[in-house]
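So the chains spell out like this:
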Amino acid sequence: LAWQGTWPQAAEVVAAALADPACDRGTVSGNALSWIGVVRLRVGDTAGPLEMCRAAAVGIGDAPLNAVLLARTCLLPEEPAQELTGLAAELLATIAPGDLGQEHHRAWLDLVRGMLALRTGDLSAAHARLTRIAATGPSDTRQTTALALAGEAAGRLGRSEEARRL
């Protein structure tokens, strides 16, 4: 449903599944919870991602990619709650690039670190990291996200022409 753009229906299915007594949150992966957080964000539920991030953060240390995806979800709201930003920072601090086996996963870690720098006001670091990511191929969700956020960082740094170009 989410892939079809029917976010409200997807959110209803997610809510029903999570409310089902047979749903053991302890067996739901951090990756799944991060996407549930995205669905809930899309329908305006800002408490949803925080709930998902809190639930998934328990015992996530053995799954670095899930931690990266979860940190990304924590940083998706335009104005993330300080608690979400703090949780994202904690998750990212536990991950070294060598913890992630595939280059593609390391690239996501780099993007999420750029997102965190932007959200915490380290605009120069965010701009540098996000611009570098946006300039690398292939053209995918990661690169497109980096491009948009690099534009935001440029604008906040007072580089309006560059922000428009990006």
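Definitions and limits used
- Residues numbered from 1 in each chain as written.
- Predicted model: local features only at pLDDT ≥ 70, side-chain atom pairs only at ≥ 80, totals over all residues.
- Heavy atoms only, no water.
- Helix = DSSP H or I, 4+ residues; strand = E, 2+ residues; numbered from the N terminus.
- Contact = heavy atoms within 4.5 Å.
- Axes fitted to C-alpha atoms, helices over the stretch in contact; angles between N-to-C directions.
- Parallel < 35°, antiparallel > 145°, perpendicular 65-115°, else oblique.
- Left-handed = near helix turned anticlockwise from the far one by under 90°.
- Nonpolar A, V, L, I, M, F, W, Y, C, P; charged D, E, K, R; others polar.
- pLDDT = per-residue confidence, 0-100.
- Buried < 20%, exposed > 50% of the residue type's maximum accessible area, 1.4 Å probe, protein only.
- Salt bridge = Lys/Arg side-chain N within 4 Å of Asp/Glu carboxyl O.

Chemist: Any chance you could break down the side chain of histidine 127 for me, citing the residues and the numbers?
Modeler: Assignment of secondary structure puts histidine 127 in helix H7 (residues 123-135). Apart from the residues lying within four places of it in its own chain, the contact partners of histidine 127 are Ala150, Ala153, Ala154, Leu157, Arg159 and Glu162.

Chemist: For the packing of helix H6 (residues 103-119) against H7, give the residues involved together with the corresponding values.
Modeler: Relative orientation and spacing of two packed helices are given, respectively, by the angle between their axes and the distance between those axes. Interhelical geometry of H6 versus H7 gives an angle of 150 degrees and a closest axis separation of 8 Å. Put simply, H6 runs roughly antiparallel to H7. For the pair H6 and H7, the sense of crossing is left-handed. In contact with Asp110, Leu111, Arg113, Gly114, Met115, Ala117 and Leu118 of H6, H7 contributes Leu123, Ala125, Ala126, Arg129, Leu130, Arg132 and Ile133. Looking at side-chain class alone, the contact of H6 with H7 contains nine nonpolar, one polar and four charged residues.

Chemist: Tell me about the confidence of the model for the chain, residues and numbers included.
Modeler: The share of residues in the chain with pLDDT of 70 or more is 73%, and the mean pLDDT across the chain is 76. At the low end of the mean pLDDT range in the chain sits helix H3 (residues 47-57), at 64; at the high end sits H7, at 92.

Chemist: Just give me the short version of the side chain of glutamate 162, but keep the residues and values in it.
Modeler: With respect to the element layout, glutamate 162 can be found in helix H9 (residues 160-165). Of the residues examined, glutamate 162 reaches a relative accessible area of 16% and is grouped as buried. In contact with glutamate 162, not counting residues within four places along its chain, are His127 and Ala154.

Chemist: Account for the pattern of salt bridges, with residues named and values stated.
Modeler: Using the criterion set out here, one finds six salt bridges in the structure. For aspartate 110, the salt bridge goes to arginine 129, with nearest N and O atoms at 2.2 Å. Of this pair, aspartate 110 sits in helix H6 while arginine 129 sits in helix H7; the two residues are 19 residues apart in sequence, bridging distant segments of the chain. The class for aspartate 110 is buried, based on a relative accessible area of 17%.

Chemist: Before we move on, can you summarise the packing of helix H4 (residues 64-75) against H6 with the specific residues and values?
Modeler: Put simply, H4 and H6 touch, their axes get as near as 9 Å, and they point 30 degrees apart. Taken together, the axes of H4 and H6 lie roughly parallel to each other. Between H4 and H6 lies a crossing of left-handed hand. Contacts between H4 and H6 pair Leu65, Val68, Ala71, Arg72 and Leu75 from the former with His105, Trp108, Leu109, Val112, Met115, Leu116 and Arg119 from the latter.

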